[in-house]
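One-letter residues, chain by chain:
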Amino acid sequence: MYDYLIVGAGYAGSVLAERLSAGAGMSVLIVDKRPHIAGNAYDSHNDAGLLIHDYGPHIFHTNSKEVFDYLSAFTSWRSYEHRVLARVDGQLVPIPINLDTVNRLYNMNLKPSEVEGFFASMAEPKEHIRTSEDVVVSKVGRELYEKFFRGYTRKQWDLDPSELDASVTARVPVRSNRDDRYFTDTYQAMPLHGYTRMFQRMLSHPKIHIMLKTDYRDILGAIPFRKMIYTGPIDAFFDYRFGKLPYRSLEFKHETHDGHNFQQVGTINFPNEQAYTRITEFKHLTGQKHEKTSIVYEFPRSEGDPYYPVPRKENTDLYHQYQKLAASVPEVLFTGRLATYKYYNMDQVVAQSLAAYKKLIKEERLESAIA
Ligand code: FAD
Ligand code: UDP
């Protein structure tokens, strides 16, 4: 009998498997329906020998020392600060919008002290910031909103920014300086030998048994376990009892090109013209030296693997119905981006799992004290 059955070998499941085995001596069976571990963070070497991220670009960044220290037990790191350019009005300009973005777009020579005034002159003040449109329009005005955010967001989500929670576009700041990094977190680094290698080390404990290409439903009843942790989509767990929770999907088009570099930065965003949202060149992220280079295009889709929860009130309300249902099965813990329907980055999922572990261990102690 396993102590835990864990469904999903992404961050949420793998951190808990590692903690429960190495930290608490429990036996764990971790299953994933995909043929590999690491969930959406999975990376692999393609036919040309280039390290690519099969499910789109994953850049690690966090302000949490606890999360960074935890993962550092399983990998060394390569410092990497992600930079993104957006193709707007025929130019490649920095996104997040900064001083250089506006100077280049409007052929100006503003100083840092002047750019706030420029944004204020363009901005439409809003009393209540409710939507993803409000966030941007209230900071930089409608014109920059149209150039950088409206088209990209409509492509990515098939919704207008006015139909999405403020938190979506609030992920991308606006800057009055020349800082052109996509993130400003304290820790910004890539696992030196890739994400999959890091996950292999997390899951290498002898008390962890891994089953791939396995839907957990196919083994229920056949393999005994005490408790379960579920990291897949929460609506699927309950057979869509209240209807489907919308998850946004992507189609990835990977290409390998001759030549050392394809583009000047890790990612180029295409807010307006193309059917894809962005192109990422992996060598910038991985630092790999190779005579060829690999890129990936991201095409947003409504059907396919669930990648993004869609943050808007009606979906949160539906999720809360499922969350209530989940509370009625206390022997199953729901955690991770899909099971808690949260637009979480990798570090947030790690933090969520570390917190869940502490809570589980308290409960286990309590149960054994009672028994
Ligand atoms: P997942 O990685 O989705 O793992 C869940 C696993 O459960 C999957 O492997 C799935 O196969 C399995 N599963 C589901 N149902 C079943 C079932 N019935 N039986 C068995 N197995 C099942 N985060 C960052 O911090 N930085 C980034 O740059 C970044 N870029 C991203 C780019 C893209 C395109 C996407 C989609 C996400 C990105 N993220 C990024 C977010 C990151 O991928 C997630 O935060 C993280 O991978 C979530 O981990 P998880 O374990 O919750 O979910
Ligand atoms: N966004 C945008 N234009 C951009 C970059 C981002 O409109 O050039 C919006 C868009 O709605 C996107 C969201 O901001 O989905 C969050 O962007 P982020 O780069 O964090 O998306 P992720 O990497 O999670 O796909």
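Residues numbered from 1 in each chain as written. Chains lettered and ligands numbered in written order. Predicted model: local features only at pLDDT ≥ 70, side-chain atom pairs only at ≥ 80, totals over all residues. Heavy atoms only, no water.

Draft legend 1. The overall build of the chain, seen in detail. When helices and strands are counted, the chain shows twelve helices and 17 strands. Over its C-alpha atoms the chain spans a radius of gyration of 22 Å, differing by no more than 12% from the 21 Å that the globule rule assigns to 371 residues. Taken over the C-alpha atoms alone, the chain extends approximately 70 × 50 × 35 Å along its principal axes. Each of the 371 residues in the chain was classed as buried or not, and the buried ones make up 56%. At a minimum sequence separation of 6, the contacts of the chain that also span at least 24 residues come to 71%. (Helix = DSSP H or I, 4+ residues; strand = E, 2+ residues; numbered from the N terminus. Rg over C-alpha atoms; globule rule 2.2 N^0.38 Å. Buried < 20%, exposed > 50% of the residue type's maximum accessible area, 1.4 Å probe, protein only. Contact = heavy atoms within 4.5 Å.)

Draft legend 2. The arrangement of the pairing of strand β15 (residues 292-301) in detail. Burial analysis of β15 places eight of its ten residues in the buried class, the great majority of the element. Relative to β15, strand β12 (residues 247-258) runs antiparallel, the two sharing ten bridges. Each bridged residue has a counterpart across the sheet, and for Glu255 the counterpart in β15 is Ile295. Of the strand pairs in this sheet, strand β14 (residues 278-281) and β15 are connected by four bridges, and their pairing is antiparallel. The residue of β15 that forms the bridge with Arg278 is Glu298. (Pairing = 2+ DSSP bridges.)

Draft legend 3. A look at the site of ligand 2. The environment of ligand 2 is made up of 16 residues, and the closest members are Thr153, Arg171, Tyr182, Tyr308 and Tyr343. Arg171 is positioned with one of its side-chain polar atoms (N or O) 2.8 Å from an oxygen atom of ligand 2. Between an oxygen atom of ligand 2 and a side-chain N or O atom of Tyr308, the distance comes to 2.5 Å. Considering ligand 2 on its own, with 520 Å² of exposed area, one finds that the protein chains cover 93% of that surface. Those elements that place two or more of their residues in the shell around ligand 2 are α6 (142-157) and α7 (166-169). If one sorts the elements of the shell around ligand 2 by residue count, α6 sits on top with six residues. Counted by class, the shell around ligand 2 contains ten nonpolar, four polar and two charged residues. (Near = heavy atom within 4 Å. Polar contact = N/O pair within 3.5 Å; in protein donor to acceptor, adjacent residues only side chain to side chain. Areas by Shrake-Rupley, 256 points an atom, 1.4 Å probe, with all protein chains shown as cover. Nonpolar A, V, L, I, M, F, W, Y, C, P; charged D, E, K, R; others polar.)

Draft legend 4. Expanded view of the packing of aromatic side chains. This structure, assessed with the given rule, holds 28 aromatic pairs. Consider the rings of Tyr276 and Tyr297, whose centres lie 4.9 Å apart with planes at 70°: the pair is edge-to-face. Taken together, the residues span a long stretch of sequence, with Tyr276 in the loop between β13 (267-269) and β14 and Tyr297 in strand β15 at a distance of 21 residues. By the ring-pair criterion, three or more aromatic residues cluster together here, those being Tyr216, Tyr230, Phe237, Phe238, Phe242, Tyr322 and Phe334. When the ring centre of Tyr343 is taken as origin, the NZ or CZ atom of Arg171, which lies over that ring, is 3.9 Å away. (Phe/Tyr/Trp six-rings, centres within 6.5 Å; stacked < 30°, edge-to-face > 60°. Lys NZ or Arg CZ within 6 Å of the ring centre and 35° of its normal.)

Draft legend 5. Spatial organisation of the sheet that holds strand β16 (residues 308-309). Read across the open sheet, the seven strands follow the order β8-β7-β13-β14-β15-β12-β16; overall the sheet is mixed. If you trace the sheet from one side to the other, it starts and ends with β8 (91-95) and β16, each paired once.

Draft legend 6. Representation of the site of ligand 1. Near ligand 1, the surroundings consist of 31 residues, among which Asp32, His58, Ile59, Tyr344 and Met346 are the closest. Contacts to ligand 1 include Tyr344, whose backbone N or O atom sits 2.8 Å from an oxygen atom. For ligand 1, whose free accessible area comes to 990 Å², the fraction covered by protein is 95%. Put simply, the parts of the chain that give the shell around ligand 1 at least two residues each are α1 (11-23) and α12 (346-370). For the shell around ligand 1, the class distribution of residues is 15 nonpolar, ten polar and six charged.

Draft legend 7. Expanded view of the sheet that holds strand β11 (residues 225-230). Taking strand neighbours across the sheet as the criterion, the five strands line up as β10-β2-β1-β11-β17 in an open arrangement whose pairing is parallel. The open sheet has two free edges, formed respectively by β10 (208-211) and β17 (332-334), since each of these has just one partner strand. Averaged over all neighbouring strand pairs, the angle between strand axes comes to 20°, with direction disregarded. Bridging between strand β1 (residues 2-7) and β11 involves five bridges; their strand directions are parallel. Bridging from a neighbouring strand, Leu5 pairs with Met228 of β11. The sheet contacts of α12 involve β1, β11 and β17, and relative to β11 the element is tilted by about 160°. (Axes fitted to C-alpha atoms, helices over the stretch in contact; angles between N-to-C directions.)

Draft legend 8. A look at the pattern of salt bridges. Summed over all chains, the structure comprises 27 salt bridges. A salt bridge links Glu66 to Lys358, with the nearest nitrogen and oxygen atoms 3.0 Å apart. Pair noted here: Glu66 is in helix α2 (residues 65-72) and Lys358 is in helix α12, with a separation of 292 residues, a long-range link. Linking Glu367 and Lys227 is a salt bridge whose minimum nitrogen-to-oxygen distance equals 3.1 Å. Here Glu367, found in helix α12, pairs with Lys227, found in strand β11; they are 140 residues apart in sequence, far enough to count as distant. (Salt bridge = Lys/Arg side-chain N within 4 Å of Asp/Glu carboxyl O.)

Draft legend 9. Spatial organisation of unusual backbone geometry. Residues Ile95 and Pro96 are joined by a peptide bond in cis, for which omega reads -5°. With respect to the secondary-structure elements, Pro96 resides in the loop between β8 and α3 (99-105). Phi at Asn107 is positive, roughly 50°, even though this residue is not glycine. Tracing the chain through its elements places Asn107 in the loop between α3 and α4 (112-122). Look at Asn107 and you get exposed, because its relative accessible area is 74%.

Draft legend 10. Structural context of the side chain of His82. For His82, the location among the structural elements is in the loop between β6 (77-79) and β7 (84-88). At a separation of 3.1 Å, a polar atom in the side chain of His82 contacts the side chain of Thr267. Excluding residues that lie within four positions of it along the chain, His82 makes contacts with Ile59, Asp180, Arg181, Tyr182, Phe183, Gln188, Gly266, Thr267 and Leu285.

Purely geometric numbers; function is a separate question.
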